[in-house]
Each structure stands twice: as structure tokens, then as C-alpha cells.
Amino acid sequence: MTASTRRTVLSLYMRVFRIARTWQAQSGVINDTDTERKYILQEARSLFRQNQQIADQESIKRCIEECEARIEIGLHYRNPYPRASYLPPLGLATQKGRKLRTQQRLRKQAKPIYLQSHDET
């Protein structure tokens, strides 16, 4: 990891913690605010630790883009939880037919950047 990349990652990490410190739930209920703050901190810690061993610059860049996208979406919608992406099971049909492997590959490609770190549900 280069020095500038390290600086970018650390600044994103600190930005997430600053956001969590000042986060207010949209409902205004104190319990909701505490729950959402804990979720933000736990999610940031787990994802940053999970991606700590990544050495490939392209993978690091994708993780940075995902983090920035999740921050912006969370601030815009005042919701810290990842937004779901809705695709019907065989909704990405190809001209050659509806083969399961092709569908799985297309679903993986259609996954939004802010959900790259989450498994299929």
C-alpha cells in the first residue's frame, strides 16, 4: 500500500468514526440513535479489518469507492444500513437463454458498488 493510499484509507476510517459520533437517527428516538451508532462503528471495524490484508491496488481502490459510496448514501438518506438491490431471480435474461450460471454471473456484475462487501442474501 502506498503512502497516499494509506492516508486515504485512514482518513475514511476517521471520517466514519466522526459520523458515528455525531449521528442522529431519523426517528429522533435515543435508543434508535444508539443502535445506529453502534451499527456504524461495528460495521466499519469489521469491514476495515476484513480488508486489512488486501495488497492489490485495484482491490483497494474498489474498497475505497465502496466506502465513499456508503458514506454518501447513508448521509443522504439518513440511514446507516446498506440499501438493498432488488433483482428478480431470473431478471437478467440473456439472448442464449436463462442458464443459471449466466444468471449468477450477471447478478454479481449488477451488484451496486456500495454492496460489494456483502454476501448474496
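Quick note: structure is the one above.
Residues numbered from 1 in each chain as written. Predicted model: local features only at pLDDT ≥ 70, side-chain atom pairs only at ≥ 80, totals over all residues. Heavy atoms only, no water.

S.K.: Please explain the side chain of Thr-5 as it appears in this structure.
M.R.: By the element assignment, Thr-5 lies in helix H1 (residues 3-22). The exposure class of Thr-5 is buried, given its relative accessible area of 11%. Excluding residues within four positions of it along the chain, Thr-5 makes contact with Gln-57, Ile-60 and Ile-64. (Helix = DSSP H or I, 4+ residues; strand = E, 2+ residues; numbered from the N terminus. Buried < 20%, exposed > 50% of the residue type's maximum accessible area, 1.4 Å probe, protein only. Contact = heavy atoms within 4.5 Å.)

S.K.: Would you take a moment to explain the packing of aromatic side chains for this structure?
M.R.: Each aromatic ring pair is characterised by the separation of its centres together with the angle its planes make. The full count for this structure, using the stated rule, is three aromatic pairs. Members of the aromatic cluster, connected to one another through ring pairs, are Tyr-13, Phe-17 and Phe-48. Directly above the ring of Trp-23 sits Arg-78, whose terminal nitrogen or CZ lies 4.2 Å from the centroid. (Phe/Tyr/Trp six-rings, centres within 6.5 Å; stacked < 30°, edge-to-face > 60°. Lys NZ or Arg CZ within 6 Å of the ring centre and 35° of its normal.)

S.K.: Is there a simple way to think about the nonpolar core in this case?
M.R.: Proteins that are soluble and globular tend to have nonpolar side chains buried together. Core analysis: the largest hydrophobic core is formed by 12 residues, namely Val-9, Leu-12, Val-16, Ile-19, Ala-20, Trp-23, Ile-40, Ala-44, Ile-60, Ile-64, Cys-67 and Ile-71. Secondary-structure elements contributing two or more residues to this core are H1, helix H2 (30-50) and helix H3 (57-77). For this core, the element with the most residues is H1, which contributes five residues. Setting aside its immediate chain neighbours within four residues, Val-9 contacts Phe-48 and Ile-64. (Core = buried A, V, L, I, M, F, W, Y, C linked by side-chain atoms within 4.5 Å.)

S.K.: For this particular structure, what's the right way to read the state of the cysteines?
M.R.: By definition, a disulfide links the sulfur atoms of two cysteines through a covalent bond. Summed over the entire model, instances satisfying the criterion amount to zero disulfides. Of all cysteine sulfurs in the structure, the one in Cys-67 sits closest to Cys-63, which takes part in no disulfide; the separation is 9.2 Å. A residue is classified by how much of its surface remains accessible, and Cys-63, at 24% relative accessible area, is partly exposed. (Disulfide = S-S within 2.5 Å.)

S.K.: Any chance you could explain the packing of H1 against H2 here in plain terms?
M.R.: Closest axis-to-axis distance for the H1/H2 pair is 8 Å, and the angle between their directions is 165 degrees. In terms of orientation, H1 lies roughly antiparallel with respect to H2. The chirality of how H1 crosses H2 is left-handed. In this structure, H1 contributes Val-9, Leu-12, Tyr-13, Val-16, Phe-17, Ala-20, Arg-21 and Thr-22 to the contact, and H2 contributes Arg-37, Ile-40, Leu-41, Ala-44, Arg-45 and Phe-48. For the contact of H1 with H2, the per-class residue count stands at 10 nonpolar, one polar and three charged. (Axes fitted to C-alpha atoms, helices over the stretch in contact; angles between N-to-C directions. Parallel < 35°, antiparallel > 145°, perpendicular 65-115°, else oblique. Left-handed = near helix turned anticlockwise from the far one by under 90°. Nonpolar A, V, L, I, M, F, W, Y, C, P; charged D, E, K, R; others polar.)

S.K.: Explain H2 here, please?
M.R.: Three- or four-residue spacings in an α-helix give side chains the same orientation, since the helix completes a turn every 3.6 residues. Spanning 21 residues, H2 covers 30 Å between terminal C-alpha atoms, matching the ideal 30 Å at 1.5 Å per step. Residues of H2 that are buried: Thr-33, Glu-36, Tyr-39, Ile-40, Glu-43, Ala-44 and Leu-47. Within H2, the buried residues cover an arc of 125 degrees as seen down the axis, which keeps them to one side. Seen from the buried face of H2, the exposed residues on the opposite side, beyond 90 degrees, are Ile-30, Asn-31, Lys-38 and Arg-49. Considering only its buried residues, H2 is in contact with H1 and H3. (Expected span 1.5 Å × (residues − 1). Arc of directions from axis to C-beta.)

S.K.: Looking at this structure, I do not really get the pattern of salt bridges. What am I missing?
M.R.: Opposite charge on two side chains permits them to pair, given that their charged atoms come into close proximity. Within this structure, the stated rule accounts for two salt bridges. Between Glu-72 and Arg-15 there is a salt bridge, with its nearest N and O atoms 3.0 Å apart. In this pair, Glu-72 sits in helix H3 while Arg-15 sits in helix H1, placing the two residues 57 residues apart along the sequence. The exposure class assigned to Glu-72 is partly exposed, which follows from its relative accessible area of 42%. Residue classification places Arg-15 among the partly exposed residues on the basis of a relative accessible area of 29%. (Salt bridge = Lys/Arg side-chain N within 4 Å of Asp/Glu carboxyl O.)

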